[in-house]
Amino acid sequence: MFTRVFCTLICLFGISSCQKDTFSTAEDVPTPAPKFATTVVLPSAFGQVNTEQKDIRGQTIGVACSTCHEMGLGGDVPARKAHELQGFHKDMVFSHGTLDCQSCHHPEDRDRLRLANGESLALADTLQLCGQCHGAKLRDFNDGAHGGMNGYWDLSKGPRTRMSCMHCHDVHAPAFPQGMPVFPPKDRFLTNEPQHD
C-alpha cells in the first residue's frame, strides 16, 4: 500500500523514474444474476374507466378509453390542448411544459401512447414514455433512488416491487405544489424559553 501511494506521488510531481505501466487496475466484480424479479405496479384501472358493474369475482368492470373517448374536435382535427376538448377531460388541469395531448397520446389509437419519434407504445410502458424526457429521473428510478419500492435490494434474497411514475405524479400536472411544514422545528438550545433542570 505504501509503495503504491509513494509511486503515485512521484508520478504526480513529474519525477521521470516512475513507471506508469507497473500498476494494474482492479477489475469489476461481476454482479450475480438476480434470482427474483422486479415488478413495476401500475395504478388500478389504468387505461380504462371503471363502471358500476362487477364481475363474478366482485371486481369492478372497466371499459377501455377508446370505447367512448374522442380526443378530436370533429372530423380529422385532433385536439391539441385540454381546453379544446368538448367531451371528456374538458375540465382537466394541464401543466406539463409545452406538451400537448398528441405529445404522449397516440392520435389514432386511444388505447396506446406515442413516443416522440412517433412509435406506438402500450399504456403499460409509461416508464419508457416518461423517461424519454426525464432521463435522469428514469436512471435514478432504475437505480432505486427515485420512486417507491418494497421488497429486497438484493434480488438474490427476494423479489422487489416498484411503483410507477403515476403513483406519485399526475401525468398531466406532475410538479408537486410548494408545501410548508405545519410546525416549525423546536430546538431547546436555541429558544428563549426558560430551561428546567
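Preceding block: the structure.
Reference entry: report on the structure contained in this document. Not measured: the values here are computed from a predicted model.

A tally of regular secondary structure across the chain gives four helices and seven strands. Mapped in sequence order, the helices and strands of the chain form the string α-β-β-β-α-β-β-α-α-β-β. Going through the 197 residues of the chain one by one, you find that 16% of them count as buried. Restricting the contact set of the chain to residue pairs at least 6 apart, pairs at least 24 apart contribute 35%. When the accessible surface of the chain is totalled, it reaches about 15500 Å², and 57% of it is carbon and sulfur.

Counting across every chain of the model gives two salt bridges. With a closest N to O distance of 3.8 Å, Arg57 and Asp55 form a salt bridge.

A few words now on the nonpolar core. As a rule of thumb, nonpolar side chains are buried together in soluble globular proteins. Counting five residues, the largest nonpolar core is built from Leu113, Leu115, Leu121, Leu123 and Leu129. What Leu129 contacts, discounting residues up to four positions off in sequence, is Cys104, Leu113, Arg114, Leu115 and Leu121.

Before going further, it helps to examine the pairing of strand β7 (residues 160–163). Of the two faces of β7, only one is covered, namely that formed by Arg160 and Arg162; the face formed by Thr161 and Met163 stays uncovered. Relative to β7, strand β1 (residues 38–41) is paired through four bridges, and the arrangement is parallel. Paired with Thr38 across the strands is Arg160, a residue of β7. In terms of strand pairing, strand β6 (residues 149–151) meets β7 through three bridges, oriented antiparallel. The partner of Met149 across the bridge, within β7, is Arg162.

Definitions and limits used
Residues numbered from 1 in each chain as written. Predicted model: local features only at pLDDT ≥ 70, side-chain atom pairs only at ≥ 80, totals over all residues. Heavy atoms only, no water. Helix = DSSP H or I, 4+ residues; strand = E, 2+ residues; numbered from the N terminus. Buried < 20%, exposed > 50% of the residue type's maximum accessible area, 1.4 Å probe, protein only. Contact = heavy atoms within 4.5 Å. Areas by Shrake-Rupley, 256 points an atom, 1.4 Å probe, with all protein chains shown as cover. Salt bridge = Lys/Arg side-chain N within 4 Å of Asp/Glu carboxyl O. Core = buried A, V, L, I, M, F, W, Y, C linked by side-chain atoms within 4.5 Å. Pairing = 2+ DSSP bridges.

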